Amino acid sequence: MMGCASSIHISDRVVYHSGKESDDSHAAQLNCNLQPGQIKPNAYKKSLTELQFGPMKLYEEQLQVLLVFAKDDAQSNAFCWACERSGFRCNMARTPESALESFLEKNHDLILIDHRHSRYFDAEALCRSIRAISSSLNTVIVAVVKRPDREESTVMPLISAGFNRRYIENANHMTCYNELIQLHHGEIRAQIKLRACNAVFTALEQSQEAIEISNEDQLIQYVNPAYECILGFQHGELLKENTEVPKSDKNKADLLENINACIRKGKEWQGVYYAKKKNGDSLQQNVRITPVVGQGGKVRHCVSVNRPLNDNNRGEKSCERVQAESQTDIQQSIKHKDRRKGSLDVRSTTSRGSDGSSQRRYSSMARIHSMTIEAPITKVINIINAAQESSPMPVAEALDRVLEILRTTELYSPQLGTKEEDPHTSDLVGGLMTDGLRRSSGNEYIFATKPLHHIPGHLTTPLSLSDIPACIAQTMEKEDSWDFDIFNLESATMKRPLTYLGLKIFSRFGVCEFLNCPEATLRSWLQVIETNYHSSNSYHNSTHAADVLHATAYFLCKERVKQSLDPIDEVASLIAATVHDVDHPGRTNSFLCNAGSELAILYNDTAVLESHHAALAFQITTRDEKCNIFKNMERNEYRTLRQAVIDMVLATEMTKHFEHVNKFVNSINKPLAALEENGGNGDDESVKGILMVPENRILVKRMLIKCADISNPCRPLELCIEWAGRISEEYFAQTDEEKQQGLPVVMPVFDRNTCSVPKSQISFIDYFITDMFDAWDAFADLPNLMQHLDNNFKYWKSLDEQKLRSLRPPPE
């Protein structure tokens, strides 16, 4: 007989039982009627689950569950079975006394108390007794209650007794299992994170820097001892009533207005600020105020880290202890420096006071100046630092802000307004240009567990280009036109457009001749690549790949592009376009990172999908001689081609979108424009000199595939509308799954019930498309694309002005 848990403690005896999971028919017969002393040795193995709580990593041990049931019945047996299936360690108590004793020993995460039969014990009194134990603060307690006969009763008596929630009796095994899983991923994990807050507050309490947390109304919510000490307040004095943050009259009105404006926009503010001490004196401090966005996407709290500009301001006797501890820390950091051969101890140079404002700001810069390896940005920062030393305070503060901008990794990304100003753009940026929030749940998204597809048997002998069915050949007659309808080809080929279009385009560019591979190998390769695209995706399927291949081929025929690229670059571009989204799961990088997918772990949350597409493409190609289009290439040429394909596929990742566009404009567009202004033309050697620089050829290839990848807004209107509907559906499906899995919703505006498709397209065009295609048009001369873009933008704008959220206006 299967037992109810791997380890069950029943009042004064311990009973162990374990076994393999049963099927549903057998599960119905499970019960906990084990005989005293019945022991089986296969106890639980202790395991840890990693959770993410903001930037903090938590480890969740095996859950401890206490069942308090006076007698065995179907309900208690069902919970026993559910605990075993969930992998939780389960204890059973029959009386309130044994329940308290067991809790004091085990400190369970979850307690389920039978509240159905008052003749055995008082469930509410037991709950109060457990809550009287301090360690029960983060324990979830559930009352198992009778199904109401008539009118539903209030749960307030249960809440008052200390229960977190109730469970209406239902002995169905899967219902009990689902309840435990929901409790685990809901209240229990929330309590685990709350427990972790104690460690965070302990760190704040020990910090030598003055830290204050206020709410949106600037009422103090928390201050640490260092803050109280510096401003001369007693412990807890600032928290007794609704106390506002102490302000000094020395602060100018425009400074306070500037600070509030930054905070309202969700931006951090840093600068010099006067704080008001308890005795009324003003204390000049270097302050960093960081807004914390909470419920509703609004700033709910502000965290202020304060440090006096001069340690002499800390002259009060009550701070002598803090100064002594600070000095001890500095001495310890010096020891660490010696041991680490002079490495920079950031904590000792930035977290303590110094002898003056300039020394405070840059006491560590002498070490950076002495570095023998300097990047250009380091040289720029050093020049600004040197200028700051002798600058008046307003200039020094302005240069401080310059340095903050230069030290960010997002030098090429424009700053958005607040989420309220443009939620569609904010969500698009969050979904496409970031690698996700840190994991907020233990859910894992298992991805790519299916085996890689091989060529289906009925396709092992593909048709030659000359044998393509007439209806498909006719559909591809105008494939060299920008207005080519890829959806007609999708229908004609039964969702296999990539193979057929690839055969024609690769033939037109002489790819087989360049690779020295038989046409049969190329055909097999196109088929196996297309098979590894997910036809179930509404957008990222082989039709999208065929569309990008078509756009790539179109761009390669432009005169300025042909001037820039060699044959190997053209072949690399066509291959990269074909494989650039292979095995795409129909979810964004942010989703995979938030879900803790296997791929996100493999690629360290960085360019997850793009890295997978490139790696998988070469795995598919090289594992089978029948489809290895590279097998006859010379080694060095293959390495050059491989590197170009990888670079182009990685360029389709959106986090570096603005970096690629800005580099293209500054390295290619502007120098070419300068030559034209000086009377040059396209045949000048100077123009070729710009185009044939190896670094610039790389920029051209990146820009080419980027524009091909997101060219939908530049297609004819009907094609643009179809693509907009497909990408919206894919984003809707992601939002649905994020809500279902309890993951952060990275693009909340893409809710199928509320989303405005016209607004999303307007934001996408404004933020990503317009500038990029202006630059590409200036280079490649694409007036027809720009006309389509203008028409499409006006179409979406007209729908939005009519307050329509759909793809098309309603029929008249």
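Each remark here, short or long, concerns the structure printed above.
Residues numbered from 1 in each chain as written. Predicted model: local features only at pLDDT ≥ 70, side-chain atom pairs only at ≥ 80, totals over all residues. Heavy atoms only, no water.

Caption draft 1: How the structure looks around the overall build of the protein. Within the protein, the secondary structure is distributed over 33 helices and 14 strands. Counting the 812 residues in the protein, one finds 49% classified as buried. The long-range share in the protein, meaning contacts at least 24 apart out of those at least 6 apart in sequence, stands at 69%. Looking at the protein as shown, the accessible area adds up to about 39300 Å², and 50% of this sits on carbon and sulfur atoms. (Helix = DSSP H or I, 4+ residues; strand = E, 2+ residues; numbered from the N terminus. Buried < 20%, exposed > 50% of the residue type's maximum accessible area, 1.4 Å probe, protein only. Contact = heavy atoms within 4.5 Å. Areas by Shrake-Rupley, 256 points an atom, 1.4 Å probe, with all protein chains shown as cover.)

Caption draft 2: Fine view of the packing of helix α28 (residues 657-677) against helix α30 (residues 694-709). Two numbers describe how α28 lies on α30: the axes approach to 10 Å, and their chain directions differ by 130 degrees. With respect to α30, the axis of α28 lies oblique. By crossing handedness, the relation of α28 to α30 is classed as left-handed. Of the residues in α30, those in contact with H657, H660, V661, K663, F664, S667 and I668 of α28 are N696, L699, V700, R702, M703 and K706. Across the contact of α28 with α30, the residue classes break down as six nonpolar, four polar and three charged. (Axes fitted to C-alpha atoms, helices over the stretch in contact; angles between N-to-C directions. Parallel < 35°, antiparallel > 145°, perpendicular 65-115°, else oblique. Left-handed = near helix turned anticlockwise from the far one by under 90°. Nonpolar A, V, L, I, M, F, W, Y, C, P; charged D, E, K, R; others polar.)

Caption draft 3: Representation of the packing of helix α23 (residues 567-579) against α30 in the model. Taken N-terminus to C-terminus, the directions of α23 and α30 make an angle of 30 degrees; their axes are 11 Å apart at the nearest point. If you check the angle between α23 and α30, you find them roughly parallel. At the point where α23 passes α30, the crossing takes the right-handed sense. Taken together, the residues of α30 that come into contact with α23 (itself represented by D569, S573, A576 and A577) are R697, K701 and I705. Among the residues forming the contact of α23 with α30, the class breakdown is three nonpolar, one polar and three charged.

Caption draft 4: Broad picture of the nonpolar core. Grouped together as the largest cluster of nonpolar side chains are 114 residues, with contacts concentrated most on W525, F555, F773, W776, F779 and W796. In terms of nonpolar packing, the next biggest core, distinct from the first, is built from 27 residues, V144, C176, I188 and I192 among them. (Core = buried A, V, L, I, M, F, W, Y, C linked by side-chain atoms within 4.5 Å.)

Caption draft 5: Spatial organisation of the pattern of salt bridges. With the rule as written, the count across this model stands at 29 salt bridges. Here R508 makes a salt bridge to E479, at a shortest N to O gap of 2.9 Å. Here R508, found in helix α18 (residues 497-508), pairs with E479, found in the loop between α16 (470-475) and α17 (486-492); they are 29 residues apart in sequence, far enough to count as distant. For R508, a relative accessible area of 36% puts it in the partly exposed group. The salt bridge partner of R697 is D569, with a shortest N-O separation of 2.8 Å. (Salt bridge = Lys/Arg side-chain N within 4 Å of Asp/Glu carboxyl O.)

Caption draft 6: Empty space enclosed by the protein, seen in detail. Inspection of every chain in the model, using the stated rule, returns three cavities of 30 Å³ or more. Every residue along the wall of the second largest cavity is listed here: W525, I575, V579, A617, F618, T621, F630 and V645. Counting only elements with at least two residues in the lining of the second largest cavity, the list comes to α23 and α26 (608-622). Among the elements that make up the lining of the second largest cavity, the one with the highest residue count is α26 (three residues). Across the lining of the second largest cavity, the residue classes tally to seven nonpolar, one polar and no charged. (1 Å grid on protein atoms, 1.4 Å probe; cavity = no way out; pocket = protein on both sides within 12 Å on 5 of 7 lines; lining within 4 Å. Points joined across faces, edges and corners; volume = space filled by probe spheres on them.)

Caption draft 7: Layout of unusual backbone geometry. With a phi angle near 45 degrees, A607 is a residue other than glycine that sits in the positive phi range. Residue position: A607 is located in the loop between α25 (598-602) and α26.

Caption draft 8: Inspection of the environment of Q64 at higher detail. With respect to the helices and strands, Q64 occurs in strand β5 (residues 64-68). Residue Q64 is classed as buried on the basis of its relative accessible area of 17%. Once the C-alpha coordinates of Q64 and N107 are considered, the two residues, 43 residues apart in sequence, prove to be 7.7 Å apart. When residues no more than four places from it in sequence are discounted, the contact partners of Q64 are R89, N91, K106, H108, D109 and L110.

Caption draft 9: Molecular detail of the layout of surface pockets. As a volume, the second largest pocket reaches approximately 470 Å³. Lining of the second largest pocket is provided by 24 residues; of these, Q218, I259, N260, I263 and C302 occupy positions nearest its centre. For the lining of the second largest pocket, the elements supplying multiple residues, two or more each, are β10 (210-215), α7 (225-231), α8 (253-264), β12 (269-276), β13 (282-293) and β14 (299-308). Top contributing element to the lining of the second largest pocket by residue count: α8, with five residues. Among the residues forming the lining of the second largest pocket, the class breakdown is 13 nonpolar, seven polar and four charged.

Caption draft 10: Highlighting the side chain of N215. Structurally, N215 can be placed in strand β10. At a separation of 2.8 Å, a polar atom in the side chain of N215 contacts the main-chain amide nitrogen of L219. Once you skip the residues sitting within four places of it in the chain, N215 turns out to touch Q221, R300 and H301. (Polar contact = N/O pair within 3.5 Å; in protein donor to acceptor, adjacent residues only side chain to side chain.)

Caption draft 11: Structural context of the pairing of β12. With eight bridges connecting them, β12 and β13 associate as antiparallel partners. Opposite K276, over in β13, you have S282 as the bridge partner. The hairpin turn running from β12 into β13, its antiparallel successor, is five residues long, and G280 in that turn takes a positive phi close to 95 degrees. (Pairing = 2+ DSSP bridges.)

Caption draft 12: Representation of the packing of aromatic side chains in the model. According to the stated counting rule, one finds 21 aromatic pairs in the structure shown. Relative to W723, the ring of F487 lies with its centre 4.8 Å away and its plane at 50 degrees, an arrangement referred to as tilted. Here F487 is found in helix α17, whereas its partner W723 is found in helix α31 (residues 717-741), with 236 residues between them in sequence. Taken individually, F487 and W723 each receive the classification buried, so the pair is uniform in this respect. Ring centres of F764 and F768 lie 5.5 Å apart, and the angle between their planes is 45 degrees; this geometry places the pair in the tilted category. You can see F764 and its partner F768 sitting in helix α32 (residues 757-780), four residues apart, about one turn around the helix. Residue classification places F764 among the buried positions, given a relative accessible area of 13%. Among the aromatic side chains, those forming a connected cluster through ring pairs are W482, Y554, F555, F664, W776 and F779. A cation over a ring is seen here: R560 above F779, with NZ or CZ 5.8 Å from the ring centre. (Phe/Tyr/Trp six-rings, centres within 6.5 Å; stacked < 30°, edge-to-face > 60°. Lys NZ or Arg CZ within 6 Å of the ring centre and 35° of its normal.)

Caption draft 13: Structural detail: the sheet that holds β12. With antiparallel pairing, five strands are arranged side by side in an open sheet as β11-β10-β14-β13-β12. This sheet does not close on itself; its edge strands, each paired only once, are β11 (220-223) and β12. Strand-to-strand twist of the sheet, defined as the mean angle between neighbouring strand axes without regard to direction, takes the value 30 degrees. As paired elements, β10 and β11 share three bridges and run antiparallel to each other.

Caption draft 14: Layout of α30. Compared with the 22 Å implied by 1.5 Å per residue over 16 residues, the 23 Å span of α30 between its first and last C-alpha is a close match. The element α30 is extensively covered by neighbouring structure, given that 13 of its 16 residues are classed as buried. (Expected span 1.5 Å × (residues − 1).)

Caption draft 15: Geometry of α18. In this model α18 runs 17 Å from its N-terminal to its C-terminal C-alpha over twelve residues, within 8% of the 16 Å that 1.5 Å per residue would give. A large share of α18 lies buried, amounting to nine of its twelve residues. Three or more residues of α18 are buried, namely P497, L498, T499, Y500, L501, G502, L503, I505 and F506. Looking one or two places after α18, you find G510, whose phi comes out positive at around 65 degrees.

Caption draft 16: Structural view of the pairing of β14. Pairing of β10 with β14 involves six bridges; the strand directions are antiparallel. Opposite N215, over in β14, you have H301 as the bridge partner. Relative to β14, β13 runs antiparallel, the two being bridged by nine bridges. When the sheet's bridge partners are listed, V292 is paired in β14 with H301. What sits between the antiparallel neighbours β13 and β14 is a turn of five residues, in which G296 has the positive phi angle 75 degrees.

Caption draft 17: Fine view of the environment of W81. Within the secondary structure, W81 is located in helix α2 (residues 74-86). C-alpha separation for the pair W81 and C176, spaced 95 residues apart in sequence, amounts to 8.5 Å.

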